[in-house]
Amino acid sequence: MRRLVALLVLLPGLAFGQTPAEKRAMLDKALQSLKDAPSTEVAAPLEQKVMQLWVDSGTAAVTLLMHRGLRELKAESYDDAIETFNDVITLDATLAEAWHQRGLARYRSGDTAGAMNDFQQTLKLEPREFATWRTLADIATLREDWAGAYAAWQKVMELDPKT
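Residues numbered from 1 in each chain as written. Predicted model: local features only at pLDDT ≥ 70, side-chain atom pairs only at ≥ 80, totals over all residues. Heavy atoms only, no water.

## What about unusual backbone geometry?
Although it is not a glycine, E76 sits at a positive phi angle of roughly 65°. Relative to the assigned elements, E76 resides in the loop between α4 (60–74) and α5 (78–91). (Helix = DSSP H or I, 4+ residues; strand = E, 2+ residues; numbered from the N terminus.)

So this is what it looks like as structure tokens:
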């Protein structure tokens, strides 16, 4: 429990100024802590920290664009969000969270095929992206694809069992 609390305290300030390998190691530790969390109360803040690490895992410019795209997505300015996430992907096509967020914007704007392609790319880059698996479970449920929803929820539970 102490290690989880220490991780929560240290994560916010550590993401910038680190090498990609250091960022990856921190993400690996955070994901393992999430998987091992003893309760939903402990898991919830860890989940948020992991998601924040994904958003902030690029360069400073990429991170600024990611936050801009998230604001646009929250404001339901889907076309603007898609454009911004396009810019992020142009700058860093390896940033899985950019693909995930663009997929959300595409899905909410009615471009299901484009969204599904983005979600596939997200999982190709980061198979532990539990939020993408959760989104795929939700989409499968809406389509009444019970087998797809079940399979996606199994992945969510494997990665984030206290979700």
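## Comments concerning the nonpolar core
Of all hydrophobic cores here, the largest spans 40 residues; its most connected members are V50, M66, V88, F130 and W133. Elements that contribute at least two residues to this core include exactly α2 (20–36), α3 (40–55), α4, α5, α6 (96–108), α7 (112–125), α8 (130–142) and α9 (146–159). Beyond its immediate stretch of four places on either side in the chain, M66 contacts V55, F85, V88, L95, E97, A98 and Q101. (Core = buried A, V, L, I, M, F, W, Y, C linked by side-chain atoms within 4.5 Å. Buried < 20%, exposed > 50% of the residue type's maximum accessible area, 1.4 Å probe, protein only. Contact = heavy atoms within 4.5 Å.)

## Things to note about α4
Along an α-helix, a turn takes 3.6 residues, which lines up residues three or four apart on a common side. Between its terminal C-alpha atoms α4 stretches 21 Å, which fits the 21 Å expected from 15 residues at 1.5 Å a residue. Considered for burial, the residues of α4 that qualify are V62, T63, L65, M66, G69, E72 and L73. Where α4 is buried, its residues contact α3, α5 and α6. (Expected span 1.5 Å × (residues − 1).)

## Section: the pattern of salt bridges
Overall, the coordinates contain 11 salt bridges when judged by the stated rule. Measuring nitrogen to oxygen at the nearest pair gives 3.4 Å for the salt bridge that ties E47 to R134. Residue E47 is found in helix α3, and its partner R134 is found in helix α8; the two are separated by 87 residues along the sequence. Classification of E47 as buried rests on a relative accessible area of 13%. On the basis of relative accessible area, R134 is assigned to the buried category, the value being 19%. The residue R106 makes a salt bridge to D111 at a minimum N-O spacing of 3.8 Å. Look at D111 and you get partly exposed, because its relative accessible area is 32%. What emerges from the salt-bridge pattern is a single network uniting R24, D28, E126 and R128. (Salt bridge = Lys/Arg side-chain N within 4 Å of Asp/Glu carboxyl O.)

## Section: the layout of surface pockets
Of the voids in this model, the largest pocket is the one considered here, and its volume is about 400 Å³. In this structure, the largest pocket is lined by 17 residues; those nearest its centre are R24, L27, S57, T94 and L95. At the level of elements, α2, α3 and α6 are the ones that each hand at least two residues to the lining of the largest pocket. If one sorts the elements of the lining of the largest pocket by residue count, α2 sits on top with 4 residues. (1 Å grid on protein atoms, 1.4 Å probe; cavity = no way out; pocket = protein on both sides within 12 Å on 5 of 7 lines; lining within 4 Å. Points joined across faces, edges and corners; volume = space filled by probe spheres on them.)

## Here's the deal with the packing of α7 against α8
At a closest axis distance of 10 Å, the pairing of α7 and α8 adopts a crossing angle of 145°. Both α7 and α8 take part in a crossing whose hand is left-handed. Here M116, F119, T122 and L123 of α7 come into contact with α8, specifically with T132, W133, T135, L136 and I139. Grouping the amino acids of the contact of α7 with α8 by side-chain chemistry returns 6 nonpolar, 3 polar and no charged. (Axes fitted to C-alpha atoms, helices over the stretch in contact; angles between N-to-C directions. Left-handed = near helix turned anticlockwise from the far one by under 90°. Nonpolar A, V, L, I, M, F, W, Y, C, P; charged D, E, K, R; others polar.)

## Digging into α8
Across its 13 residues, α8 extends 18 Å between first and last C-alpha, which sits within 8% of the 18 Å expected from 1.5 Å per residue. Residues of α8 that are buried in the fold lie against α2, α3, α6, α7 and α9. Capping the start of α8 is the job of one residue whose side-chain oxygen sits 3.1 Å from the backbone nitrogen of A131: E129. E144 sits one or two positions beyond α8 and adopts a positive phi of about 60°. (Polar contact = N/O pair within 3.5 Å; in protein donor to acceptor, adjacent residues only side chain to side chain.)

In short, shape yes, function no, at least from these values alone.
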